[in-house]
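Close look at the chain arrangement
Listed below are the residues making up each chain.
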Amino acid sequence: MPSLAQMNGSLHIHNFYIGKLKAKQEQLFESDPELAQILDNVAEVLREHAVTLAGEIAELEYEE
């Protein structure tokens, strides 16, 4: 199992890429709506994983 520090780092990376995907999705919305939708879908999957990861981090912090 990864350490708490590794999990926090992973969560920060998830949030960074969610932001990048959303920014690019907004740029592409007019010129390529299909690609914009794909980027939005990928960002949603990352958001779901980030929520799960945040819950796991909270559990680990509570146990310590």
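As shown above, the structure is provided for reference.
As a starting point, this report considers the structure included with it. (Residues numbered from 1 in each chain as written. Predicted model: local features only at pLDDT ≥ 70, side-chain atom pairs only at ≥ 80, totals over all residues. Heavy atoms only, no water.)

Some details on the overall build of the chain
When you go through the chain residue by residue, the secondary structure sums to two helices and zero strands. In terms of overall dimensions, the chain is more spread out than a globule: its C-alpha atoms have a radius of gyration of 15 Å, far above the 11 Å expected for 64 residues. Along the longest, intermediate and shortest principal axes, the C-alpha atoms of the chain span 50 × 15 × 15 Å. Across the 64 residues in the chain, those meeting the buried criterion constitute 23%. When contacts within the chain are restricted to residue pairs at least 6 apart in sequence, long-range pairs at least 24 apart make up 67% of them. Within the structure as shown, the chain displays about 4,700 Å² of accessible surface, and the carbon and sulfur contribution to it stands at 59%. Averaging the coordinates of the 4 positive side-chain charges in the chain and doing the same for the 12 negative ones gives two points 12 Å apart. (Helix = DSSP H or I, 4+ residues; strand = E, 2+ residues; numbered from the N terminus. Rg over C-alpha atoms; globule rule 2.2 N^0.38 Å. Buried < 20%, exposed > 50% of the residue type's maximum accessible area, 1.4 Å probe, protein only. Contact = heavy atoms within 4.5 Å. Areas by Shrake-Rupley, 256 points an atom, 1.4 Å probe, with all protein chains shown as cover. Lys, Arg positive; Asp, Glu negative; His and termini not counted. Charge placed at Lys NZ, Arg CZ, Asp CG, Glu CD.)

A closer look at the nonpolar core
In terms of nonpolar packing, the biggest core is built from eight residues, these being Leu4, Met7, Leu11, Ile18, Ala50, Leu53, Ile57 and Leu60. For this core, the secondary structure elements donating two or more residues are helix H1 (4–28) and helix H2 (33–63). Look past the residues within four positions of Leu60 in its chain and what remains in contact with it is Met1, Leu4 and Met7. (Core = buried A, V, L, I, M, F, W, Y, C linked by side-chain atoms within 4.5 Å.)

Description of H2
Over its 31 residues, H2 runs 45 Å from end to end, which matches the ideal 45 Å to within 8%, given 1.5 Å per residue. The complete set of buried residues in H2 reads Ala36, Leu39, Ala43, Ala50, Leu53, Ile57 and Leu60. Summarising the contacts, the buried residues of H2 are in contact with H1. (Expected span 1.5 Å × (residues − 1).)

Details of the pattern of salt bridges
Pairs may arise between side chains of opposite charge once their charged atoms sit close together. Tallied over the entire structure, the rule returns two salt bridges. With a shortest N-O distance of 2.7 Å, Lys22 and Asp40 are connected by a salt bridge. Remark: Asp40 occurs in helix H2 and Lys22 occurs in helix H1; sequence separation between them is 18 residues. Arg47 serves as the salt-bridge partner of Glu44, at 2.9 Å between the closest nitrogen and oxygen. Residue Glu44 and its partner Arg47 are both found in helix H2; the two are separated by three residues, about one turn of the helix. Taking relative accessible area as the criterion, Glu44 reaches 34% and is therefore assigned partly exposed. The partly exposed category is assigned to Arg47, whose relative accessible area is 28%. (Salt bridge = Lys/Arg side-chain N within 4 Å of Asp/Glu carboxyl O.)

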